[in-house]
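Chain and residue survey
This is what each chain is made of:
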Amino acid sequence: MWVRKRIDLSWVDLNYALMHCGLPANSHREEIQANWSSSGDSMVCLSVRSGLDLLLQSLKLPPGSEVLMSALTIEGMIRVVREHGLVPVPVDVDIDTLSPRLDSLERAITPRSRLLIVAHLFGGRVNLNPIRQLADAHNLMLVEDCAQAFDGAPNGQLPVADCSLYSFGPIKTSTALGGAMVHCQDRQLIGRMRELESQYPEQSRWSYLQRVLKYGALMGISNRWAFTIMTRSFQRAGKDYDHFLRKVVRGFREEGFLERLRKRPSKPLLSLLQRRIDRFDEPRMTKHSRRGAWLTEQLPDSIVCPGYASSRNNYWVFPIMVDDPGPLVDRLRQSGFDAMQYGSMVAVPAPAGRPELEPDTARHILAKTVFLPLYHQMPRASLLRMAHLLNSLLAE
Ligand SMILES: *Cc1c(COP(=O)(O)O)cnc(C)c1O
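Reading across from one edge, β9-β12-β10 is the order of the three strands in this open sheet, with antiparallel pairing throughout. The sheet terminates laterally at β9 (318–321) and β10 (340–341), the two strands that pair on one side only. Pairing geometry for β9 and strand β12 (residues 369–372), over four bridges, is antiparallel. Looking at β12, one finds that Phe318 is bridged to Leu372.

Let us now look at the site of the ligand. Inspection of the region around the ligand gives Ser47, Val48, Arg49, Ile74, Met77, Asp145, Ala147, Gln148, Ser167 and Lys172 as its neighbouring residues. For the ligand, a nitrogen atom lies 2.6 Å from a polar atom in the side chain of Asp145. Note that an oxygen atom of the ligand is positioned 2.8 Å from one of the side-chain N or O atoms of Gln148. In the complex, 94% of the free accessible area of the ligand, which totals 380 Å², lies under the protein chains. Looking at side-chain class alone, the shell around the ligand contains four nonpolar, three polar and three charged residues.

Interhelical geometry of helix α14 (residues 325–334) versus helix α16 (residues 380–395) gives an angle of 140° and a closest axis separation of 11 Å. When the axes of α14 and α16 are compared, the pair comes out oblique. Between α14 and α16 lies a crossing of right-handed hand. Counted together, Leu328, Arg331 and Leu332 of α14 and Met386, Leu389, Leu390 and Leu393 of α16 form the full contact between these two elements.

Burial along β12 is two-sided: the face carrying Thr369 and Phe371 and the face carrying Val370 and Leu372 are both buried. As defined by bridge partners, β10 adjoins β12 across two bridges and the pair is classed as antiparallel. Within the sheet, the bridge partner assigned to Met340 lies in β12 and is Phe371.

Let us now look at the pattern of salt bridges. Inspection of every chain in the model, using the stated rule, returns 22 salt bridges. For Arg333, the salt bridge goes to Asp242, with nearest N and O atoms at 3.2 Å. Here Asp242 lies in helix α10 (residues 241–249) and Arg333 lies in helix α14, a separation of 91 residues in the sequence. For the pair Arg333 and Asp242, a shared accessibility class is recorded, and that class is buried.

What follows is about α16. In this model, α16 (16 residues) spans 22 Å end to end at C-alpha, consistent with the 22 Å of a helix rising 1.5 Å per residue. When we look at burial in α16, the residues that qualify are Ser382, Leu383, Met386, Ala387, Leu389, Leu390 and Leu393. Axial view of α16: buried residues confined to an arc of 160°, hence all on one face. Away from the buried face of α16 by more than 90 degrees, exposed residues Ala381 and Ala395 are located. Looking at the packing, one finds that the buried side of α16 touches α13 (282–298), β9, α14 and β12.

Rules behind the numbers
Residues numbered from 1 in each chain as written. Predicted model: local features only at pLDDT ≥ 70, side-chain atom pairs only at ≥ 80, totals over all residues. Heavy atoms only, no water. Pairing = 2+ DSSP bridges. Helix = DSSP H or I, 4+ residues; strand = E, 2+ residues; numbered from the N terminus. Near = heavy atom within 4 Å. Polar contact = N/O pair within 3.5 Å; in protein donor to acceptor, adjacent residues only side chain to side chain. Areas by Shrake-Rupley, 256 points an atom, 1.4 Å probe, with all protein chains shown as cover. Nonpolar A, V, L, I, M, F, W, Y, C, P; charged D, E, K, R; others polar. Axes fitted to C-alpha atoms, helices over the stretch in contact; angles between N-to-C directions. Parallel < 35°, antiparallel > 145°, perpendicular 65-115°, else oblique. Left-handed = near helix turned anticlockwise from the far one by under 90°. Contact = heavy atoms within 4.5 Å. Buried < 20%, exposed > 50% of the residue type's maximum accessible area, 1.4 Å probe, protein only. Salt bridge = Lys/Arg side-chain N within 4 Å of Asp/Glu carboxyl O. Expected span 1.5 Å × (residues − 1). Arc of directions from axis to C-beta.

Pasting the structure below:
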């Protein structure tokens with residue numbers, strides 16, 4: 001069975017992290033920041049959610065201010081906004097580009113709107129230029145959530161957004177099993193965020209070591225044959241492996257939510273983060289991206305791939321939309337492809353009293369999407385078999 005998703009980390013990287021958990025390593029913070037951007041306007045922190053929390057602490061928006069958000073995002077981002085007494089307001093997305101729709105955005109803006117968070121979803125990139133214009137016209141700060149779209153450090157390219165957030169969490173591209181990069185155009189703002197972060201306690205080596213071991217174990221069972229044996233054992237025991245995997249990869253637990261975000265990354269995490277960013281393998285990413293485009297072409301025309309029209313796409317995941325996802329997932333799994341419904345994403349609900357803002361398209365995408373396995377360990381022949389299978393299943 002081809003597992004749904006591989007942790008994007010090699011055994012050598014994992015050993016590197018293990019080794020650094022036991023070394024009196026120096027902090028790589030300054031180097032990482034300088035390499036990311038030479039103009040002193042970036043910072044490293046524990047996670048994208050930590051970065052957003054720092055941003056909101058520094059901005060000190062009046063309570064009740066509205067934060068417009070791409071209507072598809074992860075629960076944790078919505079939670080951070082709420083924890084600050086702010087109101088998350090969904091902006092429905094377009095199926096073809098996964099960009100927030102301009103008409104939905106215009107409808108959602110009120111005099112209380114202060115911030116707009118655009119998520120680049122599933123590995124695709126949203127064209128921010130038209131959104132920037134609208135944001136400027138309404139005096140909104142523009143934040144881009146690049147957690148799913150990392151494709152190398154910006155290398156001097158000036159972002160369109162005021163603030164950009166990149167995640168190196170466990171399921172993300174080039175993961176360091178944690179860590180995030182934040183870039184802000186406003187150097188005073190990033191200065192305030194750094195100052196706040198410098199007061200945080202440091203993530204312990206022990207908790208990072210536990211993480212490394214946990215994801216090492218997951219990597220161990222992600223091999224095609226090991227994973228097949230594991231799923232069979234679960235079936236024999238009458239247990240649901242899907243439920244198990246979801247539980248294992250869940251991020252920060254619910255209790256003490258902000259407290260968990262308000263930590264500085266540990267030194268071994270910084271060591272691995274520096275290695276992952278420095279050694280980012282662009283040719284490998286290009287190859288993966290081409291295979292994603294190739295797989296799209298092998299699929300029947302009746303299948304819509306949300307985000308297929310994005311300006312660029314690195315296929316962090318490979319989503320397809322079908323009428324009846326449940327049975328299709330079962331059939332794919334029976335044939336050795338661990339497809340999955342419902343990733344970690346949710347729809348941002350409309351705020352009280354504004355039902356017209358319910359993000360119907362985002363909900364529709366969530367309800368109809370199946371994620372197919374696609375990563376470089378899968379040979380073309382297997383991808384082709386998966387495509388043929390989909391062709392025949394959907395012709396039934
Ligand atoms: C993973 C993810 C995040 C959170 O990243 P962390 O670094 O784990 O906080 C935020 N937004 C999106 C869209 C994500 O996929």
